[in-house]
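Next come the chains, spelled out residue by residue.
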Amino acid sequence: MELKIIKSNELKKKPEGALGFGKYFSDHMFVMDYQDGKWQNARIEKYGPLLMDPSMCTFHYAQETFEGLKAYKAVDGRTLLFRPNKNFARLNKSNERLCIPTFDEDFVLYALKELVKIDRDWIPTEPNTSLYIRPFCIATDETVGAHTSHNYKFIIILSPVGTYYKEGLNPVKIMVETNYVRAVKGGVGFAKTGGNYASSLRAQEDAAAKGYSQVLWLDGVERKYVEEVGTMNVMFKINGEVITPSLEGSILAGVTRDSIIHVLKDMGVKVTERKISIDEVYEAYLNGTLEEAFGTGTAAVISPIGVLGWKDKVMTINNGETGPLSKKLYETLTGIQKGEIEDKFNWTVDVDK
Ligand code: COI
């Protein structure tokens, strides 16, 4: 497919000061339409609003999927993407689940590289910043009939970002959710789709009212096994071993989760993917073997958990401070992403190659 490039002749002023997360957007976006049974009309054009009919079915039935990945300006000047193939493969998996047509991953990667090249001045270079990339697919049929759409848009937008949490890299307070559930096996928990996030907001608001940043979800059936945190996978270091919930269909197969598992193995740290109950975490806390807990995610990277609230219990982990392993993992991963540390896993992709 041909990629049309229509450059904007009105470039925006870049943001100054703290970026926060997801508040600013670059000059261009990638758009491709699905109509008459195929993806077509791929173009890079000026970033701007879309004209949508109020009946557009994504508004009503949430047939949509999305991804999150990042671009970095490397120390040697290269512009690097981090494992984009994993994100596009996962987006296609989400698309299959949501009945959205899959796309050619190589073509979309090529288009993303072109987009990032055009807007590369938007990649921030301050410490702990990056260019967040948000690809997403929306169903665009104009109907309030609840059925699979025949028309879609695939869009990629770019946002210069700082840290996801206001705490930055400092530990966050997480509340174990005992009232609501996020997903069940057979549902859409493994897919990156807006509905998973919409249904988490009530719990997140309730947790925020109690002074917590986010919730830790338990499984939807027994309400016993740890699943994931609102926007991150979760890992516990217990007695020298890192344990993370296994992928059994209801949690997201995080790219950062996978990367951290590889980095841990490479560091010689034992890492196990298995079911872990909240009782086991509490038991480890009581007997002093819960050494660290942290979330992993593209937006958050590594987010140490300083406090875990569960019913009337409050577990303060590692004195509420960032643990040495969390710090090392953050430095290693961001070091690879920014080309400061040798990329022995071959994860980074140079947009100019
Ligand atoms: C990401 O980590 O990229 C995510 O998609 C989480 C998002 C809700 C900010």
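Everything here concerns the structure above.
This section reports on the structure supplied with the text. (Residues numbered from 1 in each chain as written. Predicted model: local features only at pLDDT ≥ 70, side-chain atom pairs only at ≥ 80, totals over all residues. Heavy atoms only, no water.)

### Comments concerning the pairing of strand β15 (residues 290-297)
Here is step 1: In terms of burial, β15 is a largely internal element, 7 of the 8 residues being buried.
Here is step 2: Here strand β12 (residues 233-238) pairs with β15 via 6 bridges, running antiparallel. Following the sheet pairing, Val-234 is matched in β15 by Gly-295.
Here is step 3: Linking β15 to strand β16 (residues 301-310), which pair antiparallel, is a turn of 3 residues. (Buried < 20%, exposed > 50% of the residue type's maximum accessible area, 1.4 Å probe, protein only. Helix = DSSP H or I, 4+ residues; strand = E, 2+ residues; numbered from the N terminus. Pairing = 2+ DSSP bridges.)

### As for the packing of aromatic side chains
Here is step 1: This structure, assessed with the given rule, holds 16 aromatic pairs.
Here is step 2: Note on Phe-30 and Phe-154: the rings are 5.9 Å apart at their centroids and 75 degrees apart in plane angle, and the pair reads as edge-to-face. Placement of the pair is Phe-30 in strand β2 (residues 28-35) and Phe-154 in strand β8 (residues 152-161), with a sequence separation of 124 residues. Both residues of the pair, Phe-30 and Phe-154, count as buried.
Here is step 3: Ring centres 6.2 Å apart and planes at 90 degrees place the aromatic pair Phe-88 and Phe-103 in the edge-to-face group. In this pair, Phe-88 sits in helix α2 (residues 84-97) while Phe-103 sits in the loop between α2 and α3 (105-118), placing the two residues 15 residues apart along the sequence. Neither Phe-88 nor Phe-103 differs from the other in exposure class; each is buried. (Phe/Tyr/Trp six-rings, centres within 6.5 Å; stacked < 30°, edge-to-face > 60°.)

### Regarding the packing of α2 against α3
Here is step 1: Contact pair α2 / α3: the axes reach a minimum separation of 10 Å and the direction vectors enclose 130 degrees. In terms of orientation, α2 lies oblique with respect to α3. Crossing angle aside, the handedness with which α2 passes α3 is right-handed. Between α2 and α3, the residues in contact are Pro-84, Asn-85, Phe-88, Ala-89 and Asn-92 and Glu-105, Val-108, Leu-109 and Leu-112, respectively.
Here is step 2: For the contact of α2 with α3, the class distribution of residues is 6 nonpolar, 2 polar and 1 charged. (Axes fitted to C-alpha atoms, helices over the stretch in contact; angles between N-to-C directions. Parallel < 35°, antiparallel > 145°, perpendicular 65-115°, else oblique. Left-handed = near helix turned anticlockwise from the far one by under 90°. Contact = heavy atoms within 4.5 Å. Nonpolar A, V, L, I, M, F, W, Y, C, P; charged D, E, K, R; others polar.)

### Some thoughts on the pattern of salt bridges
Here is step 1: Inspection of every chain in the model, using the stated rule, returns 22 salt bridges.
Here is step 2: Between Lys-275 and Glu-248 there is a salt bridge, and its shortest N-O distance comes to 3.6 Å. Of this pair, Lys-275 sits in the loop between β14 (271-273) and α7 (278-286) while Glu-248 is found in the loop between β13 (241-244) and α6 (255-267), placing the two residues 27 residues apart along the sequence.
Here is step 3: Among the charged side chains, a salt-bridge network with shared partners connects Asp-33, Arg-43, Glu-45 and Lys-153. (Salt bridge = Lys/Arg side-chain N within 4 Å of Asp/Glu carboxyl O.)

### Structural notes on the nonpolar core
Here is step 1: Judged by nonpolar contacts, the single largest core of 36 residues is most densely connected at Phe-30, Phe-154 and Ile-156.
Here is step 2: Broken down by secondary-structure element, the contributors of at least two residues to this core are β2, β3 (38-46), β5 (69-73), α2, α3, β7 (130-139) and β8.
Here is step 3: Top contributing element to this core by residue count: α3, with 7 residues.
Here is step 4: Beyond its immediate chain neighbours, meaning those up to four positions away, Phe-154 contacts Phe-30, Val-31, Met-32, Trp-39, Phe-88, Leu-91, Phe-103, Val-108, Pro-135, Phe-136 and Cys-137.
Here is step 5: Val-172, Ile-174, Met-232 and Ala-293 belong to the second largest nonpolar core, which has 26 residues in total. (Core = buried A, V, L, I, M, F, W, Y, C linked by side-chain atoms within 4.5 Å.)

### Observations regarding the layout of surface pockets
Here is step 1: Within this model, the largest pocket holds a volume of roughly 460 Å³.
Here is step 2: Together, 27 residues line the largest pocket, and Phe-66, Lys-192, Tyr-197, Gly-230 and Thr-231 are the ones closest to its centre.
Here is step 3: Counting only elements with at least two residues in the lining of the largest pocket, the list comes to β7, α4 (194-198), α5 (201-209), α6 and β15.
Here is step 4: Split into classes, the residues belonging to the lining of the largest pocket amount to 11 nonpolar, 12 polar and 4 charged. (1 Å grid on protein atoms, 1.4 Å probe; cavity = no way out; pocket = protein on both sides within 12 Å on 5 of 7 lines; lining within 4 Å. Points joined across faces, edges and corners; volume = space filled by probe spheres on them.)

### Details of the packing of α6 against helix α8 (residues 324-337)
Here is step 1: With their axes 11 Å apart at the nearest point, α6 and α8 run at an angle of 110 degrees to one another. Classified by the angle their axes make, α6 and α8 are roughly perpendicular. Here α6 contributes Thr-256, Ser-259, Ile-260, Val-263, Leu-264 and Met-267 to the contact with α8, which in turn contributes Leu-325, Lys-328, Leu-329, Thr-332 and Leu-333.
Here is step 2: Looking at the contact of α6 with α8 residue by residue, the classes come out as 7 nonpolar, 3 polar and 1 charged.

### A short note on empty space enclosed by the protein
Here is step 1: As enumerated under the stated definition, the model contains 3 cavities of 30 Å³ or more in all.
Here is step 2: Lining the largest cavity are 20 residues, with Lys-70, Asn-128, Ala-299, Val-301 and Tyr-330 positioned closest to its centre.
Here is step 3: Elements that contribute at least two residues to the lining of the largest cavity include exactly β5, β16 and α8.
Here is step 4: At 3 residues, the largest contribution of residues to the lining of the largest cavity is made by α8.
Here is step 5: Looking at the lining of the largest cavity residue by residue, the classes come out as 10 nonpolar, 8 polar and 2 charged.
Here is step 6: Here the second largest cavity defines a volume of roughly 90 Å³.
Here is step 7: Contributing to the lining of the second largest cavity are Leu-69, Lys-70, Tyr-72, Phe-82, Asn-87, Val-255, Thr-256, Gly-297, Thr-298, Val-301, Leu-333 and Gln-337.
Here is step 8: Mapped by element, the contributors of at least two residues to the lining of the second largest cavity are β5, α6 and α8.
Here is step 9: No other element matches β5, which puts 3 residues into the lining of the second largest cavity.

### Overview of the site of the ligand
Here is step 1: In the neighbourhood of the ligand, the contacting residues comprise Phe-66, Gly-68, Tyr-132, Arg-134, Tyr-164, Lys-192, Tyr-197, Thr-231, Thr-298 and Ala-299.
Here is step 2: The side chain of Lys-192 places a nitrogen or oxygen atom 2.8 Å from an oxygen atom of the ligand.
Here is step 3: Contact between the ligand and Thr-298: an oxygen atom at 3.3 Å from a main-chain N or O atom of the residue.
Here is step 4: In isolation the ligand has 280 Å² of accessible area, and contact with the protein removes 90% of it.
Here is step 5: In this structure the site holding the ligand corresponds to the largest pocket. (Near = heavy atom within 4 Å. Polar contact = N/O pair within 3.5 Å; in protein donor to acceptor, adjacent residues only side chain to side chain. Areas by Shrake-Rupley, 256 points an atom, 1.4 Å probe, with all protein chains shown as cover. Sits in = over half its atoms within 2 Å of the grid points.)

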